[in-house]
Amino acid sequence: MVFIAKDNNGGNDGVKKLIVISNDSNIPESGRLERGKEQVEEESQRETPIMGVQKDRIKFNVGGRIFETTSTTLANAGRDSFLGAMLDGNWNLNTDYTSGEYFIDRNPDCFAVLLDFLRTGELFIPQNIPEKLLYREAQFYGLADHVRSAKWGPIDGNRLSHSTSIYGRAPGDGTAIRAGPDGGCCVAHGCMVHVYDWMLEEHSPITLDYQMVNDVVWIDSENVVVSACKRLGRGDGGMGLFKASTGELRHKFQVSHENQIKSFTAGALSFDSSNCKIFTSCKGGSHEYGIGVWDQITGKQVDFFYEPDGWSLGDADKLQWLVGSNCLLVATLFPRKDNCYISLLDFRVKSIVWSWSDIGAPVTVDGKQVRDAIAMEESSLICVANEYEDLGFMDLRSRNGSSVRWSSRCRSRLMKRRMGDDEPCYPKLAVHQGQLFSSMNDCISVFCGPEWVLTSRLGRNHGGSICDFSIGGDRLFALHNEENVFDVWETTPSPLSFW
């Protein structure tokens, strides 16, 4: 459906703003755009009163400048866009075409760039047009997703190039970075979370009143969940849902034990988007350690997996929801604990269905303590990394865990590097589209193929060691330890074709 609203805020838009909402929520955005394109093309072939133009030609007066194009070109914008909806005879937009042209009170230079983009599928931004201005105009016309796809393509670790670096204004070091679904990101920094949109403009920070932030997870492009420590003698801590663009607290999640609401420290976070479930590691009072589960829609606690004796869940460093197996990876790692514990939880049967620990493992000369872990469902493996960037692999098909098969192909060169006098940044792991990423010192290594061969390295000579990195929105964000700076890496796209 389409809603039309005039600008009543005294702004300069001067046009009716369109909000187009698909009635089929099961269709992904890309599918809705493609379906919309087909429907608009069908409409463009009919004689509709709203067009009132012969031979498929349409004129626009944008900010006093005349443009002429065709409905076929405008159909490339998709039905969910401003321009696509104008051409759809099913919508009663009450658009005045009596003068022979549509008037839009917007920036004509940006409109020229966007119109040429719809014609050719290639985005060229002249030097006299600031990119952020073009992005804002693209958002007005409903073309932001098109522009993003033209600016950077799907992540390919072997084709990534450095796009820009963002320097934070807060003193000290950031502790975690999380990529958003639309190309933005957020940085956890002490008791604050700094949020950046896909144009890398910083919004109002999320402030937690002197509670240390432990983790952040994006629910969607508008909302994030933040976990925090509870303070000694205070009934606070836990986690909250915040609006990313304003920092507004929308909901505070509560944990209950034996029908009593308790204060707790929330740690690592994960989100199951298909079932709208939020997971976090929880540390409360005695016998109140484990993994809590909340419904993202209602905000209510729906489950709690209590930590078994002799195991570690409440202190988890990392949670990862596994879509294929409907299980949660929980990893408690060195140095938070003297020993490492990795397990898969199946909440359907309230059981640990796979586990591994280094308790009782033989001590090696170089002490290969596990510093990070990640599950790779397609390969039925769990990958772990130690401080030398050695990669280890364990078979998920072995029900009771298995020994780690270490690979030292990267170690000889990296051991020659000095970590410096600062606190070391331990390796981090990520998997994206069949590629394995591992950070070490000031670079990120990319591994590919069935044998996970090192194929490329991403690195820059400033900012110090990488303390965290994250992939999302077709961007890779790398947070450095020393200068409170993060790098943005993108894949140069191929020319975008609408046809």
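Up top you'll find the structure we're talking about.
Calculation rules
Residues numbered from 1 in each chain as written. Predicted model: local features only at pLDDT ≥ 70, side-chain atom pairs only at ≥ 80, totals over all residues. Heavy atoms only, no water. Helix = DSSP H or I, 4+ residues; strand = E, 2+ residues; numbered from the N terminus. Buried < 20%, exposed > 50% of the residue type's maximum accessible area, 1.4 Å probe, protein only. Contact = heavy atoms within 4.5 Å. Areas by Shrake-Rupley, 256 points an atom, 1.4 Å probe, with all protein chains shown as cover. Pairing = 2+ DSSP bridges. Axes fitted to C-alpha atoms, helices over the stretch in contact; angles between N-to-C directions. Salt bridge = Lys/Arg side-chain N within 4 Å of Asp/Glu carboxyl O. Expected span 1.5 Å × (residues − 1). Polar contact = N/O pair within 3.5 Å; in protein donor to acceptor, adjacent residues only side chain to side chain. Phe/Tyr/Trp six-rings, centres within 6.5 Å; stacked < 30°, edge-to-face > 60°. Lys NZ or Arg CZ within 6 Å of the ring centre and 35° of its normal. Parallel < 35°, antiparallel > 145°, perpendicular 65-115°, else oblique. Nonpolar A, V, L, I, M, F, W, Y, C, P; charged D, E, K, R; others polar.

1. As for the overall build of the protein chain
Step number 1: Helix and strand counts for the protein chain come out as seven helices and 35 strands.
Step number 2: Taken across its 499 residues, the protein chain has 51% of its residues classed as buried.
Step number 3: When contacts within the protein chain are restricted to residue pairs at least 6 apart in sequence, those whose partners lie at least 24 apart make up 51%.
Step number 4: Surface accessibility of the protein chain: about 23,700 Å² in total, with carbon and sulfur atoms responsible for 46%.

2. Describing the sheet that holds strand β35 (residues 485-491)
Step number 1: Spatial ordering of the open sheet is given by β6-β35-β34-β33, a layout of four strands whose pairing is antiparallel. The open sheet terminates on both sides in strands that have one partner only, identified here as β6 (160-167) and β33 (466-472). If you compare each strand with its neighbour and ignore which way they point, the axes differ by 20 degrees on average.
Step number 2: Sheet topology places β33 next to strand β34 (residues 475-480); six bridges connect them, and they run antiparallel. Residue pairing for β34: I471 is matched across the bridge by L476.

3. A short note on the pairing of strand β21 (residues 318-322)
Step number 1: The buried fraction of β21 is high, at five of five residues.
Step number 2: Judged by which residues are buried, β21 turns out to be covered on both faces: K318, Q320 and L322 on one side and L319 and W321 on the other are all buried.
Step number 3: Note that β21 and strand β22 (residues 327-332) share five bridges and pair antiparallel. What sits directly across from Q320, in β22, is L329.
Step number 4: Between β21 and β22, which pair antiparallel one after the other, the connecting turn spans four residues, and N326 there sits at a positive phi close to 55 degrees.

4. Here's the deal with the pattern of salt bridges
It is possible for side chains of opposite charge to pair when their charged atoms get near one another.
Step number 1: Tallied over the full model, the rule gives 18 salt bridges.
Step number 2: Residue K262 is joined to E288 by a salt bridge in which the shortest nitrogen-to-oxygen separation is 2.6 Å. Note that K262 is positioned in strand β16 (residues 260-262) and E288 in the loop between β18 (277-283) and β19 (290-295), a separation of 26 residues in sequence.
Step number 3: In this structure, the salt-bridge partner of R397 is D395, at a minimum N-O distance of 3.0 Å.
Step number 4: Connected through salt bridges with shared partners, the residues K132, R136 and E201 form a single ionic network.

5. Here's the deal with helix α4 (residues 108-120)
Step number 1: For α4, built from 13 residues, the straight-helix expectation of 18 Å at 1.5 Å per residue is met to within 8% by its first-to-last C-alpha distance of 18 Å.
Step number 2: Within α4, burial applies to P108, C110, F111, V113, L114, L115, F117 and L118.
Step number 3: On the buried face of α4, the contacting elements are β3 (57-62), β4 (65-70), α2 (71-75), α3 (82-86), α5 (131-140) and α6 (144-151).
Step number 4: You can read the cap of α4 off the contacts: a side-chain oxygen lies 2.9 Å from the backbone nitrogen of D109, and it is on N107.
Step number 5: Immediately beyond the C-terminal end of α4, within one or two residues, lies G121, with a positive phi of roughly 80 degrees.

6. Examining the packing of aromatic side chains
Step number 1: Scanning the model with the defined rule gives 18 aromatic pairs in all.
Step number 2: An angle of 75 degrees between the planes, with centres 5.8 Å apart, marks the rings of F305 and F347 as edge-to-face. A residue pair is termed long-range when its members are at least 10 positions apart, and F305 in strand β20 (residues 301-306) and F347 in the loop between β23 (341-346) and β24 (351-357) qualify at 42 residues.
Step number 3: Residue F305 is classed as buried on the basis of its relative accessible area, which comes to 6%.
Step number 4: An aromatic cluster of three or more residues is present, and its members are F60, F67, F82, Y102, F111, F140 and Y141.
Step number 5: The lysine or arginine in question, R106, covers the ring of F140, its NZ or CZ lying 4.0 Å from the ring centre.
Step number 6: Directly above the aromatic system of Y426 lies the positively charged group of R371, at a separation of 3.9 Å from the ring centroid.

7. A closer look at the sheet that holds strand β17 (residues 265-272)
Step number 1: Strand order in the open sheet made by the four strands is β17-β18-β19-β20, with antiparallel pairing throughout. The strands lining the two open edges of the sheet, one partner per strand, are β17 and β20. Strand-to-strand, the axes of this sheet are offset by a mean angle of 20 degrees, without reference to chain direction.
Step number 2: With six bridges joining them, β17 and β18 adopt antiparallel strand pairing.

8. Here's the deal with the packing of α4 against α5
Step number 1: Relative to each other, α4 and α5 sit at 70 degrees, their axes nearing to 10 Å. By the criterion of interaxial angle, the relationship of α4 to α5 is roughly perpendicular. Taking contact as the criterion, the partners of C110, V113 and L114 in α4 are, on α5, L133, L134, E137 and A138.
Step number 2: Of the residues belonging to the contact of α4 with α5, the class tally is six nonpolar, no polar and one charged.

9. Observations regarding the environment of C276
Step number 1: Looking at the secondary structure, you find C276 in the loop between β17 and β18.
Step number 2: C-alpha separation for the pair C276 and I219, spaced 57 residues apart in sequence, amounts to 8.7 Å.
Step number 3: Sequence-distant contacts of C276, that is, excluding residues within four places in its chain, are made with F271, W294, D295, Q296 and I297.

10. Focus on the side chain of Q211
Step number 1: Residue placement: Q211 occurs in the loop between β10 (206-207) and β11 (213-220).
Step number 2: Overall, the relative accessible area of 12% leaves Q211 in the buried class.
Step number 3: Apart from residues lying up to four places away in sequence, Q211 is in contact with G190, C191, A228, C229, R231, D236 and G237.

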